[in-house]
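Examining the three-dimensional arrangement
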Number of protein chains: 4
Amino acid sequence: MLIHIDERSTTPIWEQIVQQLKELLLKKVLQPGDKLPSVRELASSLLINPNTVSKAYQELERQRIIETRRGKGTFITETVVPQGSEQQLGDIRQALKMLVIESSYLGVSRDTLVQWIDGYLNELGGESHANRPQSD
Amino acid sequence: MLIHIDERSTTPIWEQIVQQLKELLLKKVLQPGDKLPSVRELASSLLINPNTVSKAYQELERQRIIETRRGKGTFITETVVPQGSEQQLGDIRQALKMLVIESSYLGVSRDTLVQWIDGYLNELGGESHANRPQSD
Amino acid sequence: MLIHIDERSTTPIWEQIVQQLKELLLKKVLQPGDKLPSVRELASSLLINPNTVSKAYQELERQRIIETRRGKGTFITETVVPQGSEQQLGDIRQALKMLVIESSYLGVSRDTLVQWIDGYLNELGGESHANRPQSD
Amino acid sequence: MLIHIDERSTTPIWEQIVQQLKELLLKKVLQPGDKLPSVRELASSLLINPNTVSKAYQELERQRIIETRRGKGTFITETVVPQGSEQQLGDIRQALKMLVIESSYLGVSRDTLVQWIDGYLNELGGESHANRPQSD
DNA sequence: GTGGTCTAGACCACG
DNA sequence: GTGGTCTAGACCACC
């Protein structure tokens, strides 16, 4: 599996899993319909507790990104619904604002930030539904 | 004091204080050399625990943004050191990456993100040392 | 067969079968004395595990809705026994109560609920033994 | 606490807690702003594991019915947002349909169902925002 | 085999 | 004191 856990990070392990699986999906490494490793498999390969993986999977299911079929395992959802609630958009904006403030302090210029964003969007692949770097 | 605490927010109160003080500084509402309210003062005016304010001040001091002069109080540092450690830069990049991924899922376009960034930079005032929107 | 399995649903497959067979019976698509497909037949036509079909049939048999005649197959029971145990009635009431509570939260009005009930009863056909919409 | 756990029930304990707390809220036994018992308190009074209570609280928070203030405890949300997603409405309708089918089998008439609904709505108190028995 | 639930007990951050 | 995270290990339903 292409997931890497940073034990020293302050972000919970289950959240790291959620984020990295989302990233893999946007990068098309994982495709709709694909089967995810079972809870136990992933847990043992990451050397963590199955409950932790389970929590990550449940969160992804809550976000309709994956779905579980009883007794068969967990799969990437076929229909993608790129729709954010007001609440979630507010969270993004809030996080972005704090990030801009921090960047100011660290001497990261506006243009550098934009370059980084474009870089990440390129990593995710140009075909991603909503985001595309300018020059595309 | 121009600080507002959101009790419901998931970000710790001490972190909200740190962020807002930084913001006030970038907006030049607070200037180098200015005296900050004492821990007890700020705590009682915000109706929060003094320990919480103390923790915020400690963090700001760790970042060399404020300094305590024993017996005199807490002051904004005179010398500005807009230089981020590798560690901090890595944190910013990591946060930005996650933000880009989430934005992709919520259907927030690259250009929207850039607009938001420029908006926040304008709020902070165009003269800020490192960042400047657009015309740069 | 007129049965449709929703793999994504959280209700177990065997339960989906039970419910839909009951529905077909109430709709008079299936009549007392009719022969049901064998466990293997139904399983292969629904692309599911025979054990799952078997469990559904066992449940229906427990409820005296179908009966197996050894060597001959499975049939809809001739004698209808529209009499619920206290236990079953309690379950219904409990389920209905939770449904009413959830409806309250979702803003579904009392009248809407009643309309939905009448709608389903109409689907089942007005001649059903115990229930009849409106004119009753 | 006015919560009762049915150990023999098939519905998970955390879900029973969610349902009963919702009911208490609709009955105005719990009011917006009220403090809920702490996770540990409720757990020990119900003789269950704190994790189980925690799961219930997290689910209620996800539904914006309660909110936790760090270090202070868990509280009923002030602003009520009676808004259901399409998905949730579909779930209700599906549950209602199955309930109607079961009722048909158990000989529960349409009018009995409606009477039960009105009874539950009365229990919840006539002032409830969306539902009201006819005669009101 | 799969995931879901629950327990017991630990550690941590926050206030 | 509060809730959040994680582990270890158990049991269960479903397929």
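Within each chain, residue numbers correspond to sequence positions counted from 1 in written order. Think of it this way: whatever chain is written first is A, whatever ligand is written first is 1, and the rest follow in order. Per-residue local features are limited, in this predicted model, to residues with pLDDT of at least 70; the limit for side-chain atom pairs, both in listing and counting, is 80 or more; totals at the level of whole chains, interfaces and linings are taken over all residues. Side-chain figures throughout are based on the complete set of non-hydrogen atoms in the structure, without hydrogens or water.

Turning our eyes to something else, we now look at the protein's contact with DNA strand E. In the vicinity of DNA strand E there are 26 residues, among which B:Lys55, D:Ile13, D:Trp14, D:Asn51 and D:Thr52 approach most closely. Think of a polar contact as two N or O atoms within 3.5 Å of one another; within protein, one of them needs to be a possible hydrogen donor and the other a possible acceptor, and neighboring residues in sequence only count if both atoms come from side chains. D:Asn49 is positioned such that a nitrogen or oxygen atom in its side chain is 2.7 Å from a base nitrogen of DNA strand E. Here D:Lys55 contributes a side-chain N or O atom positioned 2.8 Å from a phosphate oxygen of DNA strand E. Think of it this way: any DSSP run of H or I at least four residues long counts as a helix, any run of E at least two long counts as a strand, and we number them from the N terminus. Counting residues per element, the ones that place at least two in the surface near DNA strand E are helix H2 (39-46), helix H3 (50-62) and strand E2 (73-76) of chain A, helix H1 (13-26) and helix H3 (50-62) of chain B together with helix H1 (13-26) and helix H3 (50-62) of chain D. The nonpolar class holds Ala, Val, Leu, Ile, Met, Phe, Trp, Tyr, Cys and Pro. Asp, Glu, Lys and Arg form the charged class, and all remaining residues, Gly among them, are polar. The residue makeup of the surface near DNA strand E, split by class, is 8 nonpolar, 13 polar and 5 charged. We define proximity as follows: a residue is near a molecule or strand when any one of its heavy atoms falls within 4 Å of that partner.

All names here are of chain C. Note on pairing: two strands pair once DSSP finds at least 2 bridges between them. Strand order in the open sheet made by the 3 strands is E1-E3-E2, with antiparallel pairing throughout. Only two strands of the sheet have a single neighbouring strand rather than two, namely strand E1 (35-36) and strand E2 (66-69). As judged from the 2 bridges shared by E1 and strand E3 (residues 73-76), these two strands associate in the antiparallel manner. Its bridge partner lying in E3, Lys35 is registered against Phe75. The contact definition used throughout considers only heavy atoms, calling two residues in contact when any of these lie within 4.5 Å. The axes used here are C-alpha line fits, helices contributing only the stretch in contact, and every angle between their N-to-C directions lies in the interval 0 to 180 degrees. Sheet contacts for helix H3 (residues 50-62): E1, E2 and E3; angle to E2, the most-contacted strand, approximately 110 degrees.

Looking now at helix H2 (residues 39-46) of chain D. Spacing of three or four residues puts side chains on the same side of an α-helix, whose turn is 3.6 residues. Residue and element names in this part refer to chain D. Only protein chains enter the accessibility calculation, which uses a 1.4 Å probe; a residue whose area is less than 20% of its type maximum is buried, one above 50% is exposed, and one in between is partly exposed. For H2, the set of buried residues is Leu42, Ala43 and Leu46. What you see down the axis of H2 is that its buried residues fit within an arc of 100 degrees, all on one side. Set apart from the buried face of H2 by more than 90 degrees, the exposed residues are Arg40 and Ser44. Directly after H2, the chain includes Leu47, whose backbone phi takes a positive value near 60 degrees. Here, the arc refers to the directions that run from the helix axis to the C-beta atoms.

Below, the discussion takes up the protein's contact with DNA strand F. In the vicinity of DNA strand F, 26 residues are found, and the nearest of them are A:Ile13, A:Trp14, A:Asn51, A:Thr52 and C:Lys55. Sugar plus phosphate: this is where 66% of the atoms of DNA strand F within 4 Å of the protein reside. Separating a phosphate oxygen of DNA strand F from a side-chain N or O atom of A:Arg70 is a distance of 2.9 Å. Separating a phosphate oxygen of DNA strand F from a side-chain N or O atom of D:Thr74 is a distance of 3.4 Å. At the level of secondary structure, the elements contributing two or more residues to the surface near DNA strand F comprise helix H1 (13-26) and H3 of chain A, helix H1 (13-26) and H3 of chain C together with H2, H3 and strand E2 (73-76) of chain D. By residue class, the composition of the surface near DNA strand F is 8 nonpolar, 13 polar and 5 charged.

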